[in-house]
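Structure at a glance
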Amino acid sequence: MEMGLDDRLGNGAGQNTADEAIKVTDLHKSFGTLEVLKGVSLTARKGDVVAIIGGSGSGKSTLLRCINFLETPSSGTITVSGEAVEMRADGSPANRRQIERIRTRLAMVFQAFNLWTHRTLLENVIEVPVYVLKTPRAEAIKKAKVLLDRVGLGDKAETFPSFLSGGQQQRAAIARALAVDPSVMLFDEPTSALDPELVGEVLTVIRDLAAEGRTMLLVTHEMKFAREVATHIIYLYEGRIEEHGPPDEVFGNPKSPRLQQFLKTVGW
Amino acid sequence: MELLSLSPPGWGGNLLRGLVNSLQIALGAFGLGLVIGLFGAYGKLYGGVVIRDLLGIYTTVIRAVPELVLILILYYVGTDLINQASEAMGYGRVEISGVVAGIWVLGVVQGAYSTEVLRGAIQAVPKGQIEAARAYGMPAFLVMRRVTIPAMMSFAVPGLANLWLIATKDTALLAIVGFSELTLETKQAAASTRAYFTFFLAAGALYLIVTLLSGVVFARIEKWARRGQPSLRAGQSR
């Protein structure tokens with residue numbers, strides 16, 4: 001579906017909202033006196049892969065973490081699959097059950113993997129299905145094994161995370177994310193903590209997920225990868241969207257001097 | 001040796017009864033201490049200003065006053081308060097079971113130390129693991145049960161093992177309020193027979209056995225709690 005850029009940023013009036021997976025409107029976030037997000041709006045439709053790029057401190061991770069309320073936004077609205085998150089005046093979620101329910105549909109993959117180290121890979125993958133989604137254990141195990149196979153860790157199901165490489169841990173974390181059948185996957189710099197030779201194996205898994213039409217928000221420093229898999233690029237600069245658009249435009253013909261400078265700095 | 005035989009005229013039976021009482025109190029006090037400690041640690045870490053201040057006073061006062069003094073205070077004040085309450089409600093004076101009083105008194109003391117042990121252990125859990133649990137929609141209690149507590153166990157077990165051993169030996173302090181735990185039983189047996197050396201040696205051996213067995217149990221618990229963590233010794237896995 002070809003959309004005007006304004007529609008992509010959630011400014012279009014009267015658009016069909018049924019296929020909106022994530023809609024963020026005028027999001028602000030301050031830490032004390034430091035305003036990290038200064039009014040960000042974006043819309044991800046089903047099947048979109050939105051890559052968020054930007055320099056360190058541009059607010060890209062904060063933006064992602066506000067979407068599942070790991071950070072409490074200061075103001076703005078967030079809608080997930082058409083359901084607006086109820087917020088108090090201070091931006092905190094007003095309805096604990098609602099936010100917990102919404103979080104189960106937003107699977108997050110962290111820079112530092114954040115696997116539960118006292119549980120095996122299999123236990124990590126079945127944890128949320130069994131204890132949060134109340135899936136029968138046998139069913140969850142069956143599915144977890146398929147997912148671990150899929151990320152190439154079928155033979156490591158009984159291994160604890162600390163005995164695996166970073167790349168293996170991150171692939172396991174992706175399997176954990178897939179286990180909840182997420183409507184949107186949130187990737188927070190998934191390869192930034194990895195040794196260079198381990199980046200490829202993780203990107204391969206993410207590329208496959210993108211190819212099967214999963215909706216994703218991806219904060220990344222891998223520009224080549226972003227250009228390849230993303231349907232949209234958002235460039236954040238000091239808490240604002242400085243430039244956005246299809247990857248070929250953003251990377252092929254950057255208009256903003258700041259983006260041009262940024263791309264030069266990262267060696268594009 | 002016949003002084004130690006289990007049936008009269010031997011005093012072995014008395015000593016063992018004292019030991020059972022001691023262990024009962026130690027277990028109860030340790031358990032109560034853990035419950036207080038868990039709430040205390042969470043209160044100190046996540047509670048509001050009032051809760052944090054109250055818990056600060058609790059842990060400071062309890063850890064500042066000698067345990068013997070605390071036992072005297074808590075025991076007499078506690079029983080006094082209960083009796084006053086009972087009389088005020090029109091019941092007569094109540095007989096307070098020594099075991100319950102002992103558990104209450106030592107449990108309150110243990111709770112203060114547990115609070116600090118568990119608070120440290122919770123803080124040692126990598127933040128990302130708790131964040132991951134929240135990000136996947138776990139409610140706070142489930143996060144605590146499935147992630148924080150299991151993950152903090154490896155940090156908490158050595159400190160808790162200390163507390164348990166202290167609990168077993170603190171029971172001896174209850175002799176001062178006339179509770180028939182191992183030490184008081186030993187003293188009575190020794191005084192009646194004049195065989196001080198025999199009986200106190202026997203009591204010492206019993207305390208030692210408790211400590212050794214506890215060591216075995218805690219080694220197992222620690223091994224379980226540390227599952228998934230590489231050994232610090234080179235060349236060993238699990």
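Residues numbered from 1 in each chain as written. Chains lettered and ligands numbered in written order. Predicted model: local features only at pLDDT ≥ 70, side-chain atom pairs only at ≥ 80, totals over all residues. Heavy atoms only, no water.

A word on the overall build of chain B. Across its full length, chain B carries 8 helices and 0 strands. Put simply, chain B runs from its N terminus to its C terminus through helices and strands in the order α-α-α-α-α-α-α-α. Counting only C-alpha atoms, chain B reaches 65 × 60 × 30 Å along its principal axes. Partitioning the intrachain contacts of chain B with sequence separation of at least 6 by distance along the chain shows that 76% fall at a separation of at least 24. (Helix = DSSP H or I, 4+ residues; strand = E, 2+ residues; numbered from the N terminus. Contact = heavy atoms within 4.5 Å.)

This paragraph deals with the pattern of salt bridges. All names here are of chain B. Taken as a whole and judged by the stated rule, the model has 18 salt bridges over all chains. The shortest N-O distance in the salt bridge between R119 and E116 comes to 2.8 Å. Taken as a pair, R119 and E116 lie in helix α4 (residues 98-124) at a separation of 3 residues, close to a single helical turn. With relative accessibility at 25%, the residue R119 sits in the partly exposed group. (Salt bridge = Lys/Arg side-chain N within 4 Å of Asp/Glu carboxyl O. Buried < 20%, exposed > 50% of the residue type's maximum accessible area, 1.4 Å probe, protein only.)

Residue and element names in this part refer to chain B. Along the chain, E181 turns up in the loop between α6 (140-170) and α7 (182-193). Of the side chains bearing the opposite charge, K187 lies closest to the buried E181, which forms no salt bridge; the N-O distance is 9.1 Å. Among the polar contacts made by the side chain of E181, one reaches the main-chain amide nitrogen of T183 at a distance of 2.8 Å. Each residue touching E181, except ones within four places of it in the same chain, is listed here: G18, N21, S22, T171, A172, L174, A175 and Y207. (Lys, Arg positive; Asp, Glu negative; His and termini not counted. Polar contact = N/O pair within 3.5 Å; in protein donor to acceptor, adjacent residues only side chain to side chain.)

The interface of chain B with chain A comprises 24 residues on the first partner and 30 residues on the second. Summing the contributions of chain B and of chain A, the shared interface buries around 2,400 Å²; its carbon and sulfur component is 55%. Considering only the surface of chain B that becomes buried against chain A, Q129, Y136 and R146 of chain B emerge as the three largest contributors, covering 31% of it. The tally of links from chain B across to chain A stands at 2 salt bridges. The closest approach of N and O atoms between R146 of chain B and E127 of chain A, which form a salt bridge, is 2.7 Å. If you look at where chain B meets chain A, you find 12 residue pairs in polar contact (both at pLDDT 80 or more). Those elements that provide at least two residues to the side of chain B that touches chain A are α5 (127-135) and α6 of chain B. Here the residues of the side of chain B that touches chain A sort into 12 nonpolar, 6 polar and 6 charged. (Buried area = accessible area lost by both parts, 1.4 Å probe. Nonpolar A, V, L, I, M, F, W, Y, C, P; charged D, E, K, R; others polar.)

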